[in-house]
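If you want the building blocks of each chain, they are given just below.
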Amino acid sequence: MAEAQSKGVAWVTGAGTGIGRGLAKRLAQDGWNVAASARTAHDLDSLAAQVPGRITAFQLDVTDEKAADATGKAIEAALGPIDLAIFNAGSYFPTTAKDFSVENFRRTVDVNLMGTVNCMGPVVPRMVARRAGHILVMGSLTGFVGLPTAASYGATKAALNSMVEAFKPDFEQYGVTLSVINPGFVKTPLTDKNKFPMPFLMSLDDAVDHIMRGIADKRVAINFPWQMTLGVKFLAALPNWAKFGITRKMIPKD
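Read on for an overview of the structure. The shown structure was predicted, so the numbers you read here are calculated from the model rather than taken from an experiment.

### Remarks on helix α3 (residues 65–79)
Helical geometry note: an α-helix holds 3.6 residues per turn, so side chains three or four residues apart project in the same direction.
Alright, step 1. With 15 residues, α3 should reach 21 Å at 1.5 Å per residue; the first-to-last C-alpha distance of 21 Å fits that figure.
Alright, step 2. On its buried face, α3 sits against β1 (9–12), β2 (33–36), β4 (82–87) and α4 (102–130).
Alright, step 3. Of the residues one or two after α3, glycine 80 is the one with positive phi, at around 115°.

### Some words on the sheet that holds strand β5 (residues 133–138)
Alright, step 1. Spatially, the 7 strands line up as an open sheet ordered β3-β2-β1-β4-β5-β6-β7, and their pairing is parallel. Single-partner strands in this sheet number two, and they are β3 (55–57) and β7 (221–224). Averaged over neighbouring strand pairs, the angle between their axes works out to 20° when direction is ignored.
Alright, step 2. The pairing of β1 with β4 spans 4 bridges and is parallel. The residue bridging valine 9 from the neighbouring strand is isoleucine 82, located in β4.
Alright, step 3. In the packing of helix α2 (residues 41–50) onto the sheet, contacts are made with β2 and β3, and the angle to β3 comes to roughly 165°.
Alright, step 4. This element, α3, spans β1, β2, β3 and β4 of the sheet and lies at about 155° to β1.

### Brief notes about the side chain of serine 179
Alright, step 1. Secondary-structure assignment places serine 179 in strand β6 (residues 176–183).
Alright, step 2. For serine 179, a relative accessible area of 0% translates into the label buried.
Alright, step 3. Excluding anything up to four places from it in sequence, serine 179 contacts His134, Ile135, Leu136, Val137, Val164, Lys218, Arg219 and Val220.

### Overview of the packing of aromatic side chains
Alright, step 1. Per the stated rule, a full pass over the model turns up 3 aromatic pairs.
Alright, step 2. Both rings, one in tyrosine 92 and one in tyrosine 153, keep their centres 5.3 Å apart while their planes meet at 90°; by these two values the pair is edge-to-face. Separated by 61 residues along the polypeptide, tyrosine 92 in the loop between β4 and α4 and tyrosine 153 in helix α5 (residues 151–172) bring together distant segments of the chain. Accessibility assignment for this pair places tyrosine 92 and tyrosine 153 in one class, buried.
Alright, step 3. Seen from their ring centres, phenylalanine 167 and phenylalanine 171 are 4.8 Å apart, and the 40° between their planes marks the pair as tilted. Pair noted here: phenylalanine 167 and phenylalanine 171 are both in helix α5, with a separation of 4 residues, about one helical turn.
Alright, step 4. Take phenylalanine 167: its relative accessible area is 32%, and that puts it in the partly exposed class.
Alright, step 5. It is lysine 243 that lies over the ring of phenylalanine 244; its NZ or CZ is 5.8 Å from the centre.

### Some details on the pairing of β5
Alright, step 1. With 6 of 6 residues buried, β5 is to be regarded as a mostly interior element.
Alright, step 2. On β5, burial covers both faces: Gly133, Ile135 and Val137 on one face and His134, Leu136 and Met138 on the other are all buried.
Alright, step 3. In this structure, β4 lies alongside β5, joined through 4 bridges in parallel fashion. The partner of isoleucine 86 across the bridge, within β5, is leucine 136.
Alright, step 4. In this fold, β5 hands off to α5, which returns the chain to β6; that crossover is right-handed.

About the criteria used
One numbering rule holds for all chains: residues counted from 1, following each sequence as written. Given that this is a predicted model, residues contribute local features only at a pLDDT of at least 70 and side-chain atom pairs are listed and counted only at 80 or more, while totals for whole chains, interfaces and linings are drawn from all residues. Calculated side-chain values reflect all of the structure's heavy atoms, with hydrogen atoms and water omitted. Secondary structure elements are taken from DSSP: a helix is a run of H or I of four residues or more, a strand is a run of E of two residues or more, and numbering for both begins at the N terminus. By this rule, a helix spans an expected 1.5 Å times one less than how many residues it contains. A contact between two residues is defined here by any heavy atoms of the two lying within 4.5 Å. Only strands that DSSP links by at least two bridges are regarded as paired with each other. To define axes, lines are fitted to C-alpha atoms, for helices over the stretch in contact only, and angles between the resulting N-to-C directions are given on a 0 to 180 degree scale. Accessible area is worked out with a 1.4 Å probe on protein chains only. A residue is then buried under 20% of its type maximum, exposed over 50%, and partly exposed in between. When two rings of Phe, Tyr or Trp (its six-membered ring) have centres within 6.5 Å they constitute a pair, described as stacked for plane angles under 30 degrees, edge-to-face for angles over 60, and tilted for the intermediate range. Placement of a positive charge over a ring is assigned whenever Lys NZ or Arg CZ falls within 6 Å of the ring centre and within 35 degrees of the normal to the ring plane. Orienting the strands away from the viewer, one traces the path from the first strand over the helix to the second; a clockwise path indicates a right-handed crossover.

Structure follows, in structure tokens:
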């Protein structure tokens, strides 16, 4: 039986675990040729084995600008033009007054923000030249309002949301779609480390469903779940005395 025609080439970073892995697998099952990137080769190999012939591993540390550029070029040389890019790689380090760390703040920025920009480097010029393509970056609902312990993480996600808003009308004139994904809490190895209540915690499959619908609709902002989206937007809109009255209660107890 002849192999089904590919929907195109999709590059997913942070594909070793969590949302990135779920998206890479779903895209491959839906007929995309997926270039999956992560730092750990074993994670990539086990992912590729789940959908044989549809996932190609490209080991990458997104904080390395030269490696990101080389990987983007290698994907196009091996698989063809990248039609869909999902820059999902991210890290979270709790940031508090008591345990303030310049190094952890820098690592968060290097992975979440600059890691995304590094991967855009080899992709944006080619999509602009072809006047086609869709780029999605992984934000978070924590980017909508400052929350205790998420100072560095939320700052990077707020920056990614602002970047998408700034770039979107510019990219559109070259036929390139730009979107931001803003999940709430999704059950992944990253959130498994959290030691605080996570309202409206979603399964990985439900999160992937939301994102896949957003990709199909080319939504500029893929925000979910709706309950937490409304909650953080309401909190952000409150006057400072009320907002900080609520967030003070979220500070972890020693």
